[in-house]
Amino acid sequence: MQRNTTAPAPAEKTVRRKLSRERVQKFLMGTRDKNGFLKLVAIYGLLICIGFIYLYPILYMVSASFMTLDDLLDSSIQWIPSSLNLSNYRQASASMDYWNSLLQSFMIAGLPTLCTLVSCSLTGYGLARFKFRGRGAIIGLIILTFVLPSQITMIPTYVMYSKLGILNSVWAFIVPALLAMGLNAPIFIMIFWQFFRTVPQALIEAAKIDGAGPLKSFFSISLPSAAPAFITVALFSFVWYWNEFYLTQLYVHGVLTDSGLTTLIIQLQNFNTNYNTYAQTASGGATSLNESIKMAGTLIAVLPLLILYFILQRHFVESIDRTGITGE
Amino acid sequence: MSTANPKWVKKENRIRVKRGKLEKREARVGVFFVLPWLIGAAFFLLYPLGASLWYALNNIRLTSEGMKFTFIAQGNFTQILLSDPDFLPQLVDYLLSTVISVPVIVVFALIIAIMLNQKIRGKSFFRLIFFLPVIIVSGPILGSLTEQNASTISVVDAQAVTGAISAFLPGIIAAPISSLFANMVTILWYSGVPILIFLSALQKIDTAQYEAAYVDGASGWEMFWKITLPSIKPMILLNCIYTIIFVSSNDQNQLIGLIKSAMFSGTSEKGYGYASAMAWIYSLVVLLLVGLFALIFMTRKDHYERRAVKIDRQMRKERRKILKLERRQARHAKKYHRPSAG
């Protein structure tokens, strides 16, 4: 009896020890279903490092924008300013004419975005839903416009705008946007096209039998289901128009002359000259331009977009999934 | 239509399907929907394209009565390529830096996307961070950050790296690589959209494929090369093209600034015509770059498709042979049956 009970004991022990070694190995190297500890550490470590590199300029900007001149010169202060100093922001926003520029930025980015939504959704629907001669050619041309740099059409368009008298006004952005030729419009047409293709044809045919015309079936069947595409296009179009400097300066702000229309991005580009004129005219108080003020100006130029991003983060991040460019 | 008439049917034997009224009406409605784009394309694409080519062949002077054209044929182009001190070096610089940085951006995006595709916590948080630059990246912002040296990490000593690189490589290749290291952050910032495109594509790969490969004894490494990479190959091309376009139209790109300043320079030999010629050269270079990447990453037809094409060709050949025989038979029949018929 005793022998029987004691005999298997050593074997069991070795089995248990083996198991524990296996367990450690499993824990470190992982199994098929679960990532090992080492791998996880490596992945998290890399992701956090790269995330830091990504955020570094933004963190630097935020930190520097609060510093006073003394903090900047003090080599013992690396990241955290000695006091929460808001005067940089006050001076930067005063020199950028902040509220006025902000309002105009919203207008210059917002109105073309609305027009882009209307025209690109119509075009995308037409391409997705109907078959007609020349459809392939149109799609080819749309892709070509995506690849073609805007510089090639820029000069005749500039001349045309000045002949039409819409140069140096918002109309120079609105008119092309209404005709589905706005900033990055090919991408948006593609997004709508891709999206409207997934609307089941049977639904539209059923509506047709019930007497709905093509416009009716567009507005009451396809449009409501395309809300994600609309959100994506609206967000990206807004952000891209907001950040556009080259074309805004050319068509809306004016290169040699100043049309009075300006955006925050243009104000940022001309920050140094703007600030110097401001510092001369301001009655005392204004310090000469330094790094902190520049960083404060940069931060308040992107702040509206940052707020927009953190409020609507889900829509931004999931946008690419939703548009279905990666296939279903 | 396509099912009724396969390609091999001879033209005169094809079944003619008359387009019905319904189809015609549908087509008309379709054109109606695309109408805004058609008008836009005429005014903002085709006309400016033609006009800018005409501009490029002329010397344009702005007078009080409007633009004065003087036809000088290829004069602008030869002047740009032979005697402009800035354009050609900038173009070479742009080409090299794009060719080097685009693969870096895309590969980096792929690595990040693969890491994010693992079972990890905080996935949405990391996605949030990696997508953030897309929102705020623009020429003046980048310019202002680079000016304050915020676009290089002081921890990574860029000087040492560039020193080592320029010691080993000839100057023309070393310069873009060292600028790549010097602007590491901004270059990584370009990979926001590619990361999300890759991530979305990775999530759509059928897991059954991996299971099957695992049962067959494939390692993770093999699975990556044989399953993951082929499935996302179209996305690699898409990301390459996106990155090229993005880098090209960014204000940090010196070339487009050069075009704009040429456009508004008051000198007699520059101006609209000269700038148009520059824009044409630049656009052709960009198109060539896109074409190059498209050639490299274009999805080749897979094995089965190729075989189908081969078999199709063979069948067509056989059919032709049969037709030939039939014709010969008919000829012979004519030849030998006439006397008996007559």
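All of these numbers come straight from a predicted model, not from anything done at the bench. Residue numbers restart at each chain and count upward from 1, following the sequence in its written direction. Labels are handed out in written order, letters beginning with A for the chains and numbers beginning with 1 for the ligands. Local features are withheld for residues below a pLDDT of 70 in this predicted model, meaning they are given only at 70 or higher, and side-chain atom pairs are given and counted only at 80 or more; totals for whole chains, interfaces and linings count all residues. Side-chain calculation: all heavy atoms of the structure are included, whereas hydrogens and water are not.

## Re the overall build of chain A
Thinking step 1. Starting at the N terminus, helices and strands are each numbered in turn, a helix being any DSSP run of H or I of at least four residues and a strand any DSSP run of E of at least two. Broken down by element type, chain A carries 18 helices and zero strands.
Thinking step 2. For the exposure calls, accessible area comes from a 1.4 Å probe over protein chains only, and a residue counts as buried if that area is under 20% of its type's maximum, exposed if over 50%, partly exposed in between. Scored against the burial criterion, the 328 residues of chain A give a buried share of 49%.
Thinking step 3. Two residues qualify as a contact provided that any one of their heavy atoms is within 4.5 Å of a heavy atom in the partner residue. Contacts spanning at least 24 positions in sequence make up 71% of the contacts within chain A whose residues lie at least 6 apart.
Thinking step 4. Every accessible area reported is derived by Shrake-Rupley at a probe size of 1.4 Å, with residue values counting cover from the shown protein chains alone. Carbon and sulfur atoms make up 64% of the accessible area of chain A, which amounts to about 16300 Å² in all.

## Things to note about the overall build of chain B
Thinking step 1. When you go through chain B residue by residue, the secondary structure sums to 15 helices and two strands.
Thinking step 2. Put simply, chain B has 342 residues, and 42% of those count as buried.
Thinking step 3. Sequence-distant contacts, at least 24 apart, represent 70% of the contacts inside chain B between residues at least 6 apart.
Thinking step 4. Approximately 19700 Å² of chain B is accessible, and the part contributed by carbon and sulfur atoms is 62%.

## With respect to a nonpolar patch on the surface
Thinking step 1. Two joining distances apply to patches: 9 Å for like charges and 5 Å for nonpolar side chains (Val, Leu, Ile, Met, Phe, Trp, Tyr), and every residue must have over 30% relative accessible area and no salt bridge. What makes a salt bridge here is a side-chain nitrogen of Lys or Arg within 4 Å of a carboxyl oxygen of Asp or Glu, nothing more. A contiguous nonpolar surface patch, about 690 Å² in accessible area, is contributed by Leu215 and Phe219 of chain A together with Val31, Phe32, Leu35, Leu38, Ile39 and Phe43 of chain B.
Thinking step 2. With respect to the secondary-structure elements, leucine 35 of chain B resides in helix H1 (residues 21–56).
Thinking step 3. The class of leucine 35 of chain B is partly exposed, set by a relative accessible area of 37%.

## Structural notes on the packing of helix H3 (residues 87–116) of chain B against helix H13 (residues 254–263) of chain B
Residues and elements named next belong to chain B.
Thinking step 1. Lines fitted to C-alpha atoms define the axes, with helix axes restricted to the stretch in contact, and inter-axis angles between N-to-C directions lie between 0 and 180 degrees. The geometry of H3 relative to H13 is characterised by a closest axis approach of 9 Å and an angle of 150 degrees between their N-to-C directions. Considered as vectors, H3 and H13 are oriented roughly antiparallel to each other. Our pair here, H3 against H13, has a crossing hand that is left-handed. Together, Phe87, Gln90, Leu91 and Tyr94 of H3 and Gln254, Leu255 and Leu258 of H13 make up the contact between the two elements. Put simply, angles under 35 degrees are roughly parallel, angles over 145 are roughly antiparallel, angles from 65 to 115 are roughly perpendicular, and the rest are oblique. Take the far helix as your reference; a near helix turned counterclockwise from it by less than a right angle gives a left-handed crossing, and one turned clockwise gives a right-handed crossing.

## Topic: the pattern of salt bridges
Thinking step 1. Considering all chains together, one arrives at three salt bridges over all chains under this definition.
Thinking step 2. For the salt bridge of arginine 129 of chain A with glutamate 26 of chain B, the shortest nitrogen-to-oxygen distance reads 3.6 Å. You can see arginine 129 of chain A sitting in helix H6 (residues 98–129) and its partner glutamate 26 of chain B sitting in helix H1, one on each of two chains.
Thinking step 3. On the basis of relative accessible area, glutamate 26 of chain B is assigned to the partly exposed category, the value being 22%.

## Considering a positive patch on the surface
Residue and element names in this part refer to chain B.
Thinking step 1. His is not counted, nor are the chain ends, whereas Lys and Arg count as positive and Asp and Glu as negative. A single reference atom marks each charge: NZ on Lys, CZ on Arg, CG on Asp, CD on Glu. Positive charge collects at one region of the surface, where Lys317, Arg320, Lys321, Lys324, Arg327, Arg328, Arg331 and Lys335 lie side by side.
Thinking step 2. Mapped onto the elements of the fold, lysine 317 is located in helix H15 (residues 303–341).
Thinking step 3. Taking relative accessible area as the criterion, lysine 317 reaches 58% and is therefore assigned exposed.

## Here we look at the interface of chain B and chain A
Thinking step 1. The interface of chain B with chain A comprises 93 residues on the first partner and 92 residues on the second.
Thinking step 2. Once two parts are joined, some of their accessible surface, as seen by a 1.4 Å probe, is lost; buried area is that loss totalled over both. The contact between chain B and chain A buries some 8600 Å² in all, and 77% of this surface belongs to carbon and sulfur atoms.
Thinking step 3. Contact with chain A buries area across many residues of chain B, yet Phe33, Trp37 and Phe44 of chain B alone supply 10% of it, more than any other trio.
Thinking step 4. At the boundary of chain B and chain A, one finds two salt bridges.
Thinking step 5. One salt bridge in this structure joins glutamate 26 of chain B and lysine 208 of chain A, with 3.6 Å as the shortest N-O distance.
Thinking step 6. By the criterion applied in these results, polar contacts are pairs of N or O atoms within 3.5 Å in which, for protein atoms, one can donate a hydrogen and the other can accept it, and in which residues neighboring in sequence qualify only through two side-chain atoms. Here chain B is connected to chain A by eleven residue pairs in polar contact (both at pLDDT 80 or more).

## Notes on the side chain of serine 276 of chain B
Thinking step 1. Within the secondary structure layout, serine 276 of chain B lies in helix H14 (residues 272–297).
Thinking step 2. Those residues in contact with serine 276 of chain B that sit more than four places away from it in its chain are Ile155 of chain A together with Ser52, Tyr55 and Ala56 of chain B.

## Remarks on the side chain of asparagine 239 of chain B
Thinking step 1. If you trace the backbone, asparagine 239 of chain B turns up in helix H12 (residues 233–248).
Thinking step 2. When neighbours within four sequence positions are excluded, asparagine 239 of chain B is seen to be in contact with Val106, Pro194, Ile197 and Phe198 of chain B.

## Notes on the confidence of the model for chain B
Thinking step 1. Per-residue confidence from the prediction method is given by pLDDT, with values spanning 0 to 100. On average, residues of chain B score 82 in pLDDT, and 86% of them reach the 70 mark or higher.
Thinking step 2. Within chain B, the lowest mean pLDDT, 67, falls on helix H6 (residues 158–168) of chain B, and the highest, 90, falls on H14 of chain B.

## A look at the pairing of strand E1 (residues 58–63) of chain B
Residue and element names in this part refer to chain B.
Thinking step 1. Two strands pair when backbone bridges link them, and E1 and strand E2 (residues 66–71) are joined in this way by six bridges, in the antiparallel orientation. Bridging from a neighbouring strand, isoleucine 60 pairs with phenylalanine 69 of E2.
Thinking step 2. Any two strands are treated as partners once DSSP identifies two or more bridges connecting them. Counting the residues that bridge the hairpin from E1 to E2 gives two residues.

## Quick notes on H12 of chain B
Thinking step 1. The span you would expect from a helix comes to 1.5 Å times its residue count less one. Helix length check: H12 of chain B, at 16 residues, gives a terminal C-alpha distance of 23 Å against a target of 22 Å (1.5 Å per residue), a fit within 8%.
Thinking step 2. Judged by how many residues are buried, H12 of chain B sits mostly within the fold: 13 of 16 residues are covered.

## Overview of unusual backbone geometry
All names here are of chain A.
Thinking step 1. We note that alanine 180 has phi near 60 degrees; this positive angle belongs to a residue other than glycine.
Thinking step 2. Accessibility expressed as a relative area gives 2% for alanine 180, which makes it buried.
Thinking step 3. Even without glycine at this site, asparagine 184 takes up a positive phi of about 55 degrees.

## Some words on the packing of aromatic side chains
Thinking step 1. Whether two aromatic rings pair depends on their centres lying within 6.5 Å, for rings of Phe, Tyr and Trp, where Trp uses its six-membered ring; planes under 30 degrees apart make the pair stacked, over 60 edge-to-face, and the rest tilted. In the structure shown here, the tally under the stated rule is 43 aromatic pairs over all chains.
Thinking step 2. The interplanar angle of 45 degrees and the centroid separation of 5.7 Å between the aromatic rings of phenylalanine 238 of chain A and tryptophan 242 of chain A together place this pair among those described as tilted. In this pair, phenylalanine 238 of chain A and tryptophan 242 of chain A are both assigned in helix H13 (residues 227–243), four residues apart and thus about one turn of the helix distant.
Thinking step 3. The exposure class of tryptophan 242 of chain A is buried, given its relative accessible area of 3%.
Thinking step 4. Each member of the aromatic cluster is reached from another via a ring pair, and the members are Tyr125, Phe130, Phe192, Phe196, Phe218, Phe219 and Phe230 of chain A together with Phe32 and Phe33 of chain B.

## Some thoughts on the environment of leucine 255 of chain B
Residue and element names in this part refer to chain B.
Thinking step 1. Residue placement: leucine 255 occurs in helix H13.
Thinking step 2. Residue class for leucine 255 comes out buried when judged on its relative accessible area of 0%.
Thinking step 3. Each C-alpha atom, one on leucine 255 and one on proline 89, is 9.9 Å from the other, the two residues being 166 residues apart in sequence.
Thinking step 4. The contact partners of leucine 255, leaving out residues within four places of it in the chain, are Phe87, Gln90, Leu91, Tyr94 and Tyr282.

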